[in-house]
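# Understanding the architecture of this molecule
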Amino acid sequence: KENLVYKDSDFHKIINELLKKPSDKRYAYIIALYIGRYTGLRISEVFALDRDDFDFQNQYIYVSKKMVYANKTRKEIFVTDKMKTKTSKAILPFHKRLQEILLKWFQYHPHKHVISDQHGKYLNPKQLEYTLWKISNDLDIHFHFHMLRHTLATRLVSNGAELKAVQELLRHANITTTMNIYTHVNEVNKRKALYKAFPIKKPQNTKAHP
């Protein structure tokens with residue numbers, strides 16, 4: 001199966017590569033990546049966010065709309081409140097680290113739309129997807145935007161978060177989706193536990209008993 005969990009080192013490689021050719025568009029891409037990293041929002045939801053969707057006093061994010069961009073030019077893309085499922089609309093807490101990043105971004109980027117160009121106009125998520133594809137190929141790493149969502153879910157489960165909390169944070173319409181992630185992580189943890197109990201030692205000159 002395709003690996004859907006990225007390494008932190010690969011994430012930072014992507015960010016550093018984007019910074020090598022600084023521009024307002026690339027800065028916006030970086031913000032989109034950080035939002036995805038800390039919230040698990042889908043790319044269509046991230047690109048539809050406005051400043052008013054963030055409550056910094058209470059550290060909440062209001063998710064209520066998405067961008068429709070498939071097979072559309074930049075002039076044709078639009079934002080709608082018709083979400084993927086009923087549970088896609090939610091009020092979610094966000095991490096303090098993300099708040100720090102966003103506050104700096106809003107000081108630099110005064111526009112209503114969070115992910116937009118220097119004139120405040122929407123950007124097409126397809127452009128970011130292509131940029132990530134090109135950079136990851138150049139760096140010989142595996143990375144795409146949806147991995148941010150899956151990795152967050154995996155981290156939550158790995159660190160003992162309750163399944164119901166994970167379901168609500170990721171806004172899974174069905175607990176089965178959350179359970180599938182839990183089952184995968186649990187299988188990995190069981191294998192790690194087994195090898196921790198019986199570690200593979202380096203070969204020695206003397207014969208070793210199994």
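Everything here concerns the structure above.
Below is a summary of the structure that appears in this document. (Residues numbered from 1 in each chain as written. Predicted model: local features only at pLDDT ≥ 70, side-chain atom pairs only at ≥ 80, totals over all residues. Heavy atoms only, no water.)

## With respect to the packing of aromatic side chains
Applying the stated criterion across every chain yields a total of 13 aromatic pairs. Look at Tyr34 and Tyr38: their rings are 6.5 Å apart centre to centre, the planes differ by 15 degrees, and that puts the pair in the stacked class. Taken as a pair, Tyr34 and Tyr38 lie in helix α2 (residues 24-39) at a separation of four residues, close to a single helical turn. Seen in terms of ring centroids, Phe56 and Phe94 are 5.9 Å apart; in terms of plane orientation they differ by 90 degrees. Their pairing is edge-to-face. You can see Phe56 sitting in the loop between β1 (54-55) and β2 (60-63) and its partner Phe94 sitting in the loop between β5 (90-93) and α4 (96-108), a full 38 residues away along the chain. Among the residues examined, Phe56 registers a relative accessible area of 22% and is labelled partly exposed. Residue Phe94 is classed as buried on the basis of its relative accessible area of 6%. Ring pairs connect the aromatic residues Tyr6, Phe11, Tyr34, Tyr38 and Phe143, which therefore count as one cluster. The ring of Phe11 has Arg37 lying over it, and the distance from NZ or CZ to the ring centre is 4.7 Å. Above the plane of the ring of Tyr38 lies Arg37, whose end atom (NZ or CZ) is 5.7 Å from the centre. (Phe/Tyr/Trp six-rings, centres within 6.5 Å; stacked < 30°, edge-to-face > 60°. Helix = DSSP H or I, 4+ residues; strand = E, 2+ residues; numbered from the N terminus. Buried < 20%, exposed > 50% of the residue type's maximum accessible area, 1.4 Å probe, protein only. Lys NZ or Arg CZ within 6 Å of the ring centre and 35° of its normal.)

## Here's the deal with the packing of α2 against α4
The interhelical angle for the contact between α2 and α4, taken along N-to-C directions, is 160 degrees, at an axis separation of 10 Å. Classified by the angle between their axes, α2 and α4 sit roughly antiparallel to one another. Note on packing geometry: the crossing formed by α2 with α4 is left-handed. Mapping the contact onto sequence places Asp24, Tyr27, Ala28, Ile31, Tyr34, Ile35, Tyr38 and Thr39 in α2 and Arg97, Leu98, Ile101, Leu102, Trp105 and Tyr108 in α4. Its residues assigned to classes, the contact of α2 with α4 comprises eleven nonpolar, one polar and two charged. (Axes fitted to C-alpha atoms, helices over the stretch in contact; angles between N-to-C directions. Parallel < 35°, antiparallel > 145°, perpendicular 65-115°, else oblique. Left-handed = near helix turned anticlockwise from the far one by under 90°. Contact = heavy atoms within 4.5 Å. Nonpolar A, V, L, I, M, F, W, Y, C, P; charged D, E, K, R; others polar.)

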